[in-house]
Amino acid sequence: MMKVKQDVKFNGLGFPVKLINWPHIEIDGQLEPDINYELLADRVFASLPEKPSQLTGAEIKFIRYKMEMTQAAFAKWLRTVDTSTITKWEAKDLKPTGMGADTEYALRLRLIIDKEVKFRRKNIKIDVVNRLLEKKSARKEPMTLDFSEMRA
């Protein structure tokens, strides 16, 4: 029988993600996630541009892997850095990358725009872009995903 636990810190993507209302099953007395990990990864990828704190090295690596890019291709996609910079960012692991605010905003905006183009939407949600540009927080809280929004 599937149950729902209120929240848990999940580290399976290489960085912490707080899962709220996550479905699980009990196997031999242990709670095991009953989730689609591919869907989870897709939702995290789509949510990272709006994360309220600075991106970490692990998150940059996750973004790059989800985009199926080498470090060189990712640097070329960003247009403002070289491969050695990507290497330095990713080496920060769970710490903020240290990239400049302008670079991070540009990265986040490119992710939003690419997502919108991928899904063939004609207009970028300007409220999403404005909220992103207003965020200057350096909070160190994990990203939060509410599974009640992910159910079919």
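Residues numbered from 1 in each chain as written. Predicted model: local features only at pLDDT ≥ 70, side-chain atom pairs only at ≥ 80, totals over all residues. Heavy atoms only, no water.

Undergrad: Which parts of the structure should I look at to understand the overall build of the chain?
TA: Across its full length, the chain carries six helices and four strands. Ordering the α and β elements of the chain from the N terminus gives β-β-β-α-α-α-α-α-α-β. By the burial criterion, 35% of the 152 residues in the chain qualify as buried. In the chain, the proportion of contacts linking residues at least 24 apart, taken out of those at least 6 apart, comes to 57%. Per element, the accessible surface of the chain, about 9,600 Å² overall, is 52% carbon and sulfur. (Helix = DSSP H or I, 4+ residues; strand = E, 2+ residues; numbered from the N terminus. Buried < 20%, exposed > 50% of the residue type's maximum accessible area, 1.4 Å probe, protein only. Contact = heavy atoms within 4.5 Å. Areas by Shrake-Rupley, 256 points an atom, 1.4 Å probe, with all protein chains shown as cover.)

Undergrad: How should the packing of helix α2 (residues 57–66) against helix α4 (residues 83–91) be read in this particular structure?
TA: Helix packing for two helices is described by the angle between their axes and how far apart those axes are. Look at α2 against α4: their axes get within 6 Å of each other, and the N-to-C directions meet at 125 degrees. Put simply, α2 runs oblique to α4. The segment α2 lies against α4, with Gly57, Ile60, Lys61 and Arg64 engaging Ile86, Trp89 and Glu90. Split into classes, the residues belonging to the contact of α2 with α4 amount to three nonpolar, one polar and three charged. (Axes fitted to C-alpha atoms, helices over the stretch in contact; angles between N-to-C directions. Parallel < 35°, antiparallel > 145°, perpendicular 65-115°, else oblique. Nonpolar A, V, L, I, M, F, W, Y, C, P; charged D, E, K, R; others polar.)

Undergrad: Looking at this structure, how should I read the confidence of the model for the chain?
TA: Any residue range with low pLDDT should be treated as having predicted coordinates unsuitable for detailed reading. Of all residues in the chain, 72% attain a pLDDT of 70 or more, and the chain-wide mean is 80. Averaged over each element, pLDDT in the chain is lowest for helix α6 (residues 126–134) (55) and highest for α4 (97). (pLDDT = per-residue confidence, 0-100.)

Undergrad: Just checking my understanding: could you explain the pairing of strand β3 (residues 30–33) for this structure?
TA: The two faces of a sheet get side chains in turn, since along a regular strand they alternate between them. In this structure, strand β2 (residues 17–27) lies alongside β3, joined through four bridges in antiparallel fashion. Paired with Ile27 across the strands is Gln30, a residue of β3. Counted along the chain from β2 to the antiparallel partner β3, the turn is two residues long, and its residue Asp28 has a positive phi close to 50 degrees. (Pairing = 2+ DSSP bridges.)

Undergrad: Please explain the environment of Leu94 as it appears in this structure.
TA: Residue position: Leu94 is located in the loop between α4 and α5 (101–118). Those residues in contact with Leu94, other than ones at most four positions away along the chain, are Gly14, Phe15, Pro16, Thr56 and Ala58.

Undergrad: Which parts of the structure should I look at to understand unusual backbone geometry?
TA: Negative phi values dominate among residues other than glycine, just as trans dominates among peptide bonds. Here the phi dihedral of Glu68 falls at roughly 55 degrees; this positive angle occurs in a residue that is not glycine. Among the secondary structure elements, Glu68 is positioned in the loop between α2 and α3 (71–78). The backbone of Arg79 shows a phi angle near 70 degrees, a positive value even though the residue is not glycine. Tracing the sequence through the fold places Arg79 in the loop between α3 and α4. Taking the relative accessible area as the measure of exposure, Arg79 reaches 67% and is therefore exposed.

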